[in-house]
Amino acid sequence: MDPECSRLLPALCVVLADPRQLVADDTCLEKLLDWFKTVTEAESSLQLLQDHPCLMELLSHVLKPQDVSPRVFSFALRLVGIFAAQEDCFQYFQGDPSLFVASAASQLLVHILALSMQGGAPGSPIPESVAWPVCARKIVSHVEESLRSKATPQVTQALNVLTTTFGRCHSPWTGVLWEQLSPPVASLFERDPIPAVHSLMDLLLSVARSPVFNFSACGLWEMLAQTLRRLSPMQAGPLALGTLKLQHCPQELRTQAFGVLLQPLACILKATTQAPGPPGWLAGTADSPLTVDVLLSSKSACVGLLCQTLAHLEELQALPQCPSPWPQVPLLQAAVTILRLCDGSADPSSSVGGRLCGTLGSCVRVQRAALDFLGALSQGTSPVELVLEVFAVLLKTLESPESSPTVLKKGFQATLRWLQNSHKAPGCSDLSPDALLFLGELFPILQKRLCSPCWEVRDSALEFLTHLLRQWGGQADFREALHSSEVPALACQLLQDPESYVRASAVGAAGQLSSRGLQAAPASPEDPQAQQGLLTDLMHILSTDSEGFPRRAVLRVFTEWLRDGHVDVVRDTEWFVATVLQAVSRDLDWEVRVQGLELAWVFLAQAMGQPSLHCPYTVGLPGATSPGPHLEFLQTLCRLPLFEFAFCALLDCDRPVAQKACDLLLFLRDKTASCSSPQEAGDSPSSVSVEAALQRWQEGEPGQPLGDLEPEAMLAILRSLDLEGLQGKLAQSSDHVEKSPQSLLQDMLATVGVLEENEVDCY
């Protein structure tokens, strides 16, 4: 340990042990633990404790029952675990009788148990638990006693210890441990109510994931099956999902677990249709009166069970362990039915269905979950008539005045997924005929939502429109449907929206409309200013908008326009880049400056490295085989504020900006490596004057302009800068200078001193 840190450590231990002191925040304690881990990796923990008795005094003091800060108590337990990870230090700790009594934390107990069981020869027989080391027997005895306790907190604690043990320790002795403790675990299911249900399920799944066990021999599958039958539908759902995720689960148990997840949706279908659902989709699982009781017991129980079920099935569908065959049709019917129960359009076929209508009417939570699940089901193959039902329920959701902003957002997302996946040929991105008919009904609804008084709704509608344009803006039928609506004009009007999020989304939508040639026709088409109206509007937003979100959105659009050769950019690329960079260089938002550097990079890459991109400045450049740019382009580059902007950004106080600028200048230097040599350019008067300006800039005079540059001066400056060294420094964390352990200890002690004087947490 560093001598200065050794000097500061006793004072810090005194502060940590004093419950009257308001110690530094959790971040400082985490950094302190990280430092101790580093120290113990480099030297013996035992030697560390012997050289610094203040540490043992701190641990002995904190682990005694008293009024200790929870965060300091947690810190002490984790510190003990770090020290105990070394065997010599573990033996040293065994002499402290207070440690085991106070160490209730499962992490520490698992560390000690695992360490005490190390040392057996590979392949040697696993001893019975009675022959285990004394320390291990004490821990197991304590856990077993806790499992038999009538106090739920003690049972929970014991279960958590076992869960961590089987999750981390995969040695053969864990099989002996489970053989001894599985009977008291199984006895927990005989209690009413079952204690610590969530911890119990976590334990069973942790054991099932262990590579050590012969599950059939240890009776785990039977225990899981019994547990699924004993638990309530709400409790059984997470266990069923976890069971289905297991790699080597018997098919019979998988069928049972899948039936648990499907049961609530089967009840929904049975309550709202004449038929109980397609035959065989719940094979082996009888109707559960308990599930019906939960759905009808209260609104909170019904909503909770349905939301959990829908989320679990959505997660399961995306997994490799997804059951096959997947009951796509009944699940899709159930999702549509749930949405109809929520919007009041369902036709219940029983008293149960009528009560569900009343319970789920306008329920936002269930609508959101059902729409997420509905969107996920778009990946499967569905009959045409059912797809039309999906489109119908989505239209009703998006049109309903009762739909909340969050429901509408989920509705737009689900709609997009169904448009992307509805009956198209493999490899074809065109919209299907049914989808085009759906869009004809959707655009009037979208118009309405773009005029909503709620800004979240306007924002979601614009985001949805932008996705539509990216996906199908080039398809003739889509363009025709869009042109017949007022959506383009309304989207552009929202550039003036009072809410900054909406303005930012409107910028993205308007940029896509313009890129696709779908913007609203100007009132006077012959007016040149009208032709460039959107470009002017976006430049105005970039220069004057008071919020950062719209300005960032403008830069993203401009970068995309430059990359794709937008007609308004190609018309005068030099003016475009110069005007944008002038505005960006004055912007106080670091993300805007980073995006401005990205635009500059695209400009340079097109002009200097990729002539095939049809940048206007590639005219006259050497072919692809030539390694360097033409002098004419370097002169153009010097006229632009690009180099001055990049260098200013190199000294930016925001690290991402400086990193981007450094990368940009390295790219520029590499691309100009074949131009005139440093010996030819380094002594030019222009170069000397520019370097003097740069020196003044570094000394605190960033307002000094570089002025007009000559190509030789620019090249000389690029070669004189240690860009690789700067890149390495910028790659370090922003606080690397003050990240030393000594600084950390000083800061923690200084913080306590500040609190003593001012009695407030200034930090």
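Parameters at a glance
- Residues numbered from 1 in each chain as written.
- Predicted model: local features only at pLDDT ≥ 70, side-chain atom pairs only at ≥ 80, totals over all residues.
- Heavy atoms only, no water.
- Helix = DSSP H or I, 4+ residues; strand = E, 2+ residues; numbered from the N terminus.
- Buried < 20%, exposed > 50% of the residue type's maximum accessible area, 1.4 Å probe, protein only.
- Areas by Shrake-Rupley, 256 points an atom, 1.4 Å probe, with all protein chains shown as cover.
- Core = buried A, V, L, I, M, F, W, Y, C linked by side-chain atoms within 4.5 Å.
- Contact = heavy atoms within 4.5 Å.
- Axes fitted to C-alpha atoms, helices over the stretch in contact; angles between N-to-C directions.
- Parallel < 35°, antiparallel > 145°, perpendicular 65-115°, else oblique.
- Left-handed = near helix turned anticlockwise from the far one by under 90°.
- Nonpolar A, V, L, I, M, F, W, Y, C, P; charged D, E, K, R; others polar.
- pLDDT = per-residue confidence, 0-100.
- Polar contact = N/O pair within 3.5 Å; in protein donor to acceptor, adjacent residues only side chain to side chain.
- Salt bridge = Lys/Arg side-chain N within 4 Å of Asp/Glu carboxyl O.
- Expected span 1.5 Å × (residues − 1).
- Phe/Tyr/Trp six-rings, centres within 6.5 Å; stacked < 30°, edge-to-face > 60°.
- Disulfide = S-S within 2.5 Å.

The next point concerns the overall build of the protein chain. Helix and strand content of the protein chain: 42 helices and zero strands. Evaluated residue by residue, the protein chain yields a buried proportion of 50% over its 763 residues. Accessible surface for the protein chain amounts to roughly 35400 Å². Of this, 53% is attributable to carbon and sulfur atoms.

Right, let's get into the nonpolar core. Of all hydrophobic cores here, the largest spans 239 residues; its most connected members are L374 and F558. Those residues within four positions of F558 in sequence are excluded, and the remaining contacts are L535, L538, M539, L542, F576, V580 and L599.

Summarising burial for helix α40 (residues 711-720): seven of the ten residues are buried, a large majority. Taken together, the buried positions of α40 are occupied by P711, A713, M714, L715, A716, I717 and L718.

At a closest axis distance of 9 Å, the pairing of helix α30 (residues 533-544) and helix α33 (residues 573-585) adopts a crossing angle of 25 degrees. Classified by the interaxial angle, the pair formed by α30 and α33 is roughly parallel. For the pair α30 and α33, the sense of crossing is left-handed. Residues L535, M539, L542 and S543 of α30 form the contact with α33, whose participating residues are W575, F576, T579, V580, A583 and V584. Of the residues assigned to the contact of α30 with α33, the class counts are eight nonpolar, two polar and no charged.

With that out of the way, let us pick up the confidence of the model for the protein chain. Per-residue pLDDT for the protein chain averages 82, and the proportion of residues at 70 or more is 80%. With pLDDT under 50 throughout, residues 94-104 is counted as low confidence; its partners more than four residues away or in other chains account for 18 contacts. With pLDDT under 50 throughout, residues 527-531 is counted as low confidence; its partners more than four residues away or in other chains account for four contacts.

Turning next to the side chain of T309. Tracing the backbone shows T309 in helix α18 (residues 299-317). Take T309: its relative accessible area is 4%, and that puts it in the buried class. At a separation of 2.8 Å, a polar atom in the side chain of T309 contacts the main-chain carbonyl oxygen of L305. In this view, T309 contacts L261, P264 and L265; residues no more than four positions away in its chain are not counted.

Below, the discussion takes up unusual backbone geometry. With an omega of 0 degrees, the peptide bond between D192 and P193 qualifies as cis. Within the secondary structure, P193 sits in the loop between α11 (173-187) and α12 (197-209). In this structure, P325 follows S324 across a cis peptide bond, with omega equal to 5 degrees. Relative to the elements of secondary structure, P325 occurs in the loop between α18 and α19 (328-343). Of note, A196 is a non-glycine position whose phi angle comes to about 50 degrees, a positive value. Here A196 shows up in the loop between α11 and α12. Look at S362: it is not a glycine, yet its phi comes out positive at around 55 degrees. Within the fold, S362 resides in the loop between α20 (351-360) and α21 (364-376).

The subject of this paragraph is the environment of T406. By the secondary structure assignment, T406 is in helix α23 (residues 405-421). Take T406: its relative accessible area is 40%, and that puts it in the partly exposed class. Ignoring anything within four residues of it in the chain, the contact list for T406 reads V364 and R368.

Per the stated rule, a full pass over the model turns up 20 salt bridges. The salt bridge involving R458 is made with D497; its shortest N-O contact spans 2.8 Å. Here the residue R458 occupies a position in helix α25 (residues 455-472), and D497 occupies one in the loop between α27 (487-493) and α28 (500-515), the gap between them amounting to 39 residues. Here R458 and D497 have matching classes, each one buried.

Glancing now at the side chain of D652. Here D652 shows up in the loop between α36 (642-650) and α37 (655-671). Accessibility expressed as a relative area gives 17% for D652, which makes it buried.

Let's shift gears to helix α22 (residues 384-399). Compared with the 22 Å implied by 1.5 Å per residue over 16 residues, the 22 Å span of α22 between its first and last C-alpha is a close match. Buried residues of α22: L386, V387, V390, F391, V393, L394, L395, T397 and L398, and no others. The elements touched by buried residues of α22 are α19, α21, α23 and α24 (433-450).

This part takes up the packing of aromatic side chains. Think of a pair of aromatic rings as described by two things: how far the centres are apart, and how the planes are tilted against each other in angle. Here the structure, examined in full by the defined rule, presents 13 aromatic pairs. For the pair W132 and W173, a centre-to-centre distance of 5.9 Å together with 85 degrees between the ring planes defines the contact as edge-to-face. With W132 in the loop between α8 (106-116) and α9 (134-147) and W173 in helix α11, the pair connects residues that are 41 residues apart, well separated along the chain. You can call W132 buried: its relative accessible area is 2%. Ring centres of F443 and F478 lie 5.9 Å apart, and the angle between their planes is 65 degrees; on these two criteria the pair is classed as edge-to-face.

For the rest of this paragraph, the subject is the environment of E441. Inspection of the secondary structure assignment puts E441 in helix α24. As a C-alpha pair, E441 and A481 span 40 residues in sequence and 9.8 Å in three-dimensional space.

Next up on the list: the packing of α22 against α23. For any two helices packed against each other, one specifies the crossing angle of their axes together with the interaxial distance. At a closest axis distance of 9 Å, the pairing of α22 and α23 adopts a crossing angle of 150 degrees. One finds that α22 runs roughly antiparallel with respect to α23. In terms of crossing hand, the pair formed by α22 and α23 is left-handed. Contact residues: α22 offers V387, V390, F391, L394, T397 and L398, while α23 offers V407, L408, G411, F412, A414, T415 and W418. Residues that form the contact of α22 with α23 fall into these classes: ten nonpolar, three polar and no charged.

As for its position among the elements, A583 is in helix α33. Given a relative accessible area of 7%, A583 falls into the buried group. Along the chain, A583 and T544 lie 39 residues apart, while their C-alpha atoms are 9.3 Å from each other. Ignoring sequence-local partners within four residues, the contact set of A583 consists of L542 and S543.

Let's shift gears to the state of the cysteines. The full count for this structure, using the stated rule, is zero disulfides. Residue C13 stays outside any disulfide, its sulfur separated by 3.8 Å from that of C54, the closest cysteine.

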